[in-house]
Every structure is written in C-alpha cells, then in structure tokens.
Amino acid sequence: MSSNETPRGPIDSSRVPRYAGPATFARLPRLDEVGTADVAVVGVPFDTGVSYRPGARFGGNAIREASRLLRPYNPAQDASPFALAQVADAGDIAANPFNINEAVETIEAAADDLLGTGARMMTLGGDHTIALPLLRSVAKKHGPVALLHFDAHLDTWDTYFGAEYTHGTPFRRAVEEGILDTSALSHVGTRGPLYGKQDLDDDAKMGFGIVTSADVMRRGVDEIADQLRQRIGDRPLYISIDIDVLDPAHAPGTGTPEAGGLTSRELLEIVRGLSSCNLVSADLVEVAPAYDHAEITSVAASHTAYELTTIMSRQIAAAKGAEGK
C-alpha cells in the first residue's frame, strides 16, 4: 500500500452483524484483497512440539473468532490502528504436522516472504516451537533482536526426549544461533516448579532477566513496564507471548497451565506500557480451545494481539509521517 492510500479497515458492524461473515482477525480484509499490508496477521496451526496437552493447532482460528468483538478505536492507546496502517489477515502457514524439522523450515520460509513485502508480522500460534523460525526470519531483516518473552515457563531447556525443536526449547536455540541481542532479553510472568535450580542458572548465562508473576503482583505494572523499556532501549524488539502467562482463571485453554499467573488486565497494561518500544513483530501462542470455557482464553488472546497490532500501526504511521516531512 502506498503512503497516500487509505487503509481498508474491518467490515462495518452496523451493516453486517459481528457474528456473520468470515472470521478474519478483527473482521479485517484478507491479504489477497488488499495486495500488501503494513501488518500481516498470520496463523500457524502447528502443535507437534507440545510436551503435554495438544490442541494449539486450533488456536489461531479460535482467536480470530473471538476477535469479532474488537472495534476500530483503541481508547487505551488513543489510536485507530486499522486507519493508521493497513492491517490484513494473511491466512495460515501450513506446516508438516509429522516432521518438526521440516515444519520449522516451512515457517521460516513463509515468514521470510511476508517480511520481504515490508510487513510486520502478528503471528497467532500454534505452539511455542514456532517462535524460533519466526525469530530467524526477523533477525535476517533486523539483525539480532531484543526479546520480551511473556510465559509461565522459561522455554530455554536443551532437549525433550532428544528433540532439539520443541515448545520448551526455542529461545535456547535462538541464543545459540546468535539471532537474539543477549543484552536485552527478558522473561515476564514465570512461575511454578522447575526440574532443578540449574534451569535458572543456565537461563541467566544466556542473558535473560526474569520478572516473575509474583514480581508483577508486588511491584505493579507501571514499574515493570518501565524496567522493561529501560532494558530494551531503542533496539528492534520482538515480543513472544505464551497465553499461559495468564493464570488458569484467565486462560484455562492452554496446554501447560500453571497456578499463580498474571491477570488479563495486568498483561494488557504491561503491553500498553511498551508502546514506545520499536516493535518489529510479535507472536501469541499456545491457545488450545478444547480446554477453554466460554472463549475466556481466546478473548484474552484476541485483545492482547489487538494491543500489539495497535503499537505496530502507531509506529508505522509515525514513520510514514516523518518520511513525508
């Protein structure tokens, strides 16, 4: 889309009820309907890397269904994200469910294609395995990126059953491959039992800082967001959100739930507090709708993706405005 074109937004809900029509993200146009996009919302229906409950392959479409309730104006960020930039639903990346290594390669190649158009990606998983190929692709464009990882778990383990590519290992692989800026790595929302203290020692050696869910509760979202902004600085930032960062009361529909997590309000407020960061792409993973109730998890996920999309749209609009001066 050229800088002087008006973005095509969601279907008008005063003409077509929210429950009718195709369930694209936020009822936005498909990518093939607009040609190119500033932000591409793309699904990756892959969950072969899970270690406990499967079902995240259905997460992307569940989030899209829940996103029917999203509206064009975001008062929390005082922005109309779909008017500031062209956001479109790019459909799904179809990956081999029987071969993790091949799937990782397929996801990376598809991400290369989307990022090659100039778009930023808002990816809907799928399990957390997909973060590795997405980070590989983003790093090709931006160099090693800062990573902000919202999750109950570290996801920096070495292997499961000898497998290097699983939903518990993507960020160890990413550090080993040199695609992360190890001066700006943070976990947020971690909690629960570990295999041993060595897990924390290994994680620290990789450069990760940790903000536990208890830290969020005790220190508050504003202080946490400020700490994260200072750590990230002006580096290109990738945000990866595992929905199990939320307490099971707020996100029952996930594969590896842990008690004592963030509320959906805390997650949304921390994300909003990162609006000044240079967010180059993001993912939201591990929504497993078979374990959900009344779309609680999918609604939380859709609103979180909306906030991330708003941040990217605002930054894209600001950059275009600066270029036009």
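Residues numbered from 1 in each chain as written. Predicted model: local features only at pLDDT ≥ 70, side-chain atom pairs only at ≥ 80, totals over all residues. Heavy atoms only, no water.

A. Here's a closer look at the pattern of salt bridges. Scanning all chains against the criterion turns up 22 salt bridges. For the salt bridge of Arg8 with Glu33, the shortest nitrogen-to-oxygen distance reads 3.9 Å. Placement of Arg8 in the segment before helix 1 (31–34) and of Glu33 in helix 1 is noted, with a sequence separation of 25 residues between them. For Arg8, a relative accessible area of 42% corresponds to the partly exposed category. Taking the shortest distance from any N to any O, the salt bridge between Arg173 and Asp158 comes out at 2.7 Å. A residue pair is termed long-range when its members are at least 10 positions apart, and Arg173 in helix 6 (residues 170–176) and Asp158 in the loop between strand 4 (145–150) and helix 6 qualify at 15 residues. Connected through shared salt-bridge partners, Glu108, Asp112, Arg136, Lys140 and Glu177 make up one network. (Salt bridge = Lys/Arg side-chain N within 4 Å of Asp/Glu carboxyl O. Helix = DSSP H or I, 4+ residues; strand = E, 2+ residues; numbered from the N terminus. Buried < 20%, exposed > 50% of the residue type's maximum accessible area, 1.4 Å probe, protein only.)

B. Spotlight on the sheet that holds strand 4. Read from one edge of the open sheet, eight strands run 2-1-3-8-7-4-5-6, paired in parallel fashion. Only two strands of the sheet have a single neighbouring strand rather than two, namely strand 2 (87–92) and strand 6 (208–212). Neighbour-to-neighbour, the strand axes of the sheet open up by a mean angle of 15 degrees, direction not taken into account. Bridging between strand 7 (residues 236–242) and strand 8 (residues 278–285) involves seven bridges; their strand directions are parallel. Considered in strand 8, the bridge of Pro236 is made with Asn278. Sheet contacts for helix 4 (residues 100–116): strand 1 (39–44), strand 2, strand 3 (120–125) and strand 8; angle to strand 3, the most-contacted strand, approximately 145 degrees. Seen against the sheet, helix 9 (residues 221–232) touches strand 4, strand 5 (180–190), strand 6 and strand 7 and runs at an angle of roughly 165 degrees to strand 5. (Pairing = 2+ DSSP bridges. Axes fitted to C-alpha atoms, helices over the stretch in contact; angles between N-to-C directions. Contact = heavy atoms within 4.5 Å.)

C. Structural detail: the pairing of strand 5. Within strand 5, nine of the 11 residues are buried, which leaves it mostly tucked inside the rest of the structure. Bridge count for strand 4 against strand 5 is five bridges, and the pairing is parallel. Counterpart to His149 in the pairing with strand 5 is His187. Viewed along the sheet, the connection from strand 4 through helix 6 into strand 5 turns out right-handed. Bridging between strand 5 and strand 6 involves five bridges; their strand directions are parallel. If you follow His187 over to strand 6, its bridge partner there is Ile210. (Right-handed = clockwise from strand over helix to strand, strands pointing away.)

D. Representation of a nonpolar patch on the surface. On the surface, a cluster of nonpolar side chains totalling about 210 Å² of accessible area is made up of Leu194, Leu200 and Ile210. Looking at the secondary structure, you find Leu200 in helix 7 (residues 198–205). Judged by relative accessible area, which is 36%, Leu200 ranks as partly exposed. (Patch = residues over 30% accessible without salt bridge, like charges linked within 9 Å, V, L, I, M, F, W, Y side chains within 5 Å. Areas by Shrake-Rupley, 256 points an atom, 1.4 Å probe, with all protein chains shown as cover.)

E. Region of the structure containing the packing of aromatic side chains. A full pass over the atoms with the stated rule returns two aromatic pairs. With a centroid separation of 6.0 Å and 55 degrees between ring planes, the pair formed by Phe82 and Tyr306 is classed as tilted. In this pair, Phe82 sits in helix 3 (residues 81–84) while Tyr306 sits in helix 11 (residues 296–324), placing the two residues 224 residues apart along the sequence. Here Phe82 falls in the buried class, since its relative accessible area comes to 4%. Judged by its relative accessible area of 6%, Tyr306 falls in the buried class. Between Trp157 and Tyr195, the ring centres sit 6.0 Å apart and the planes meet at 85 degrees, which makes this aromatic pair edge-to-face. With Trp157 in the loop between strand 4 and helix 6 and Tyr195 in the loop between strand 5 and helix 7, this pair connects stretches of sequence that are 38 residues apart. According to the relative accessible area criterion, Tyr195 is exposed, its value standing at 65%. Over the aromatic face of Tyr291 sits the side chain of Arg53, whose NZ or CZ is 4.0 Å from the ring centroid. (Phe/Tyr/Trp six-rings, centres within 6.5 Å; stacked < 30°, edge-to-face > 60°. Lys NZ or Arg CZ within 6 Å of the ring centre and 35° of its normal.)

F. Inspection of unusual backbone geometry at higher detail. A cis amide bond links Gly125 with the next residue in sequence, Gly126, at an omega value of 15 degrees. Turning to its location among the elements, Gly126 is positioned in the loop between strand 3 and helix 5 (131–142). With a phi close to 55 degrees, Ala26 is a non-glycine residue in the positive phi region. Position of Ala26 among the secondary structure elements: in the segment before helix 1. Phi is positive for Arg27, which is not a glycine, with a value near 60 degrees. In this fold, Arg27 is placed in the segment before helix 1. Among the residues examined, Arg27 registers a relative accessible area of 2% and is labelled buried.

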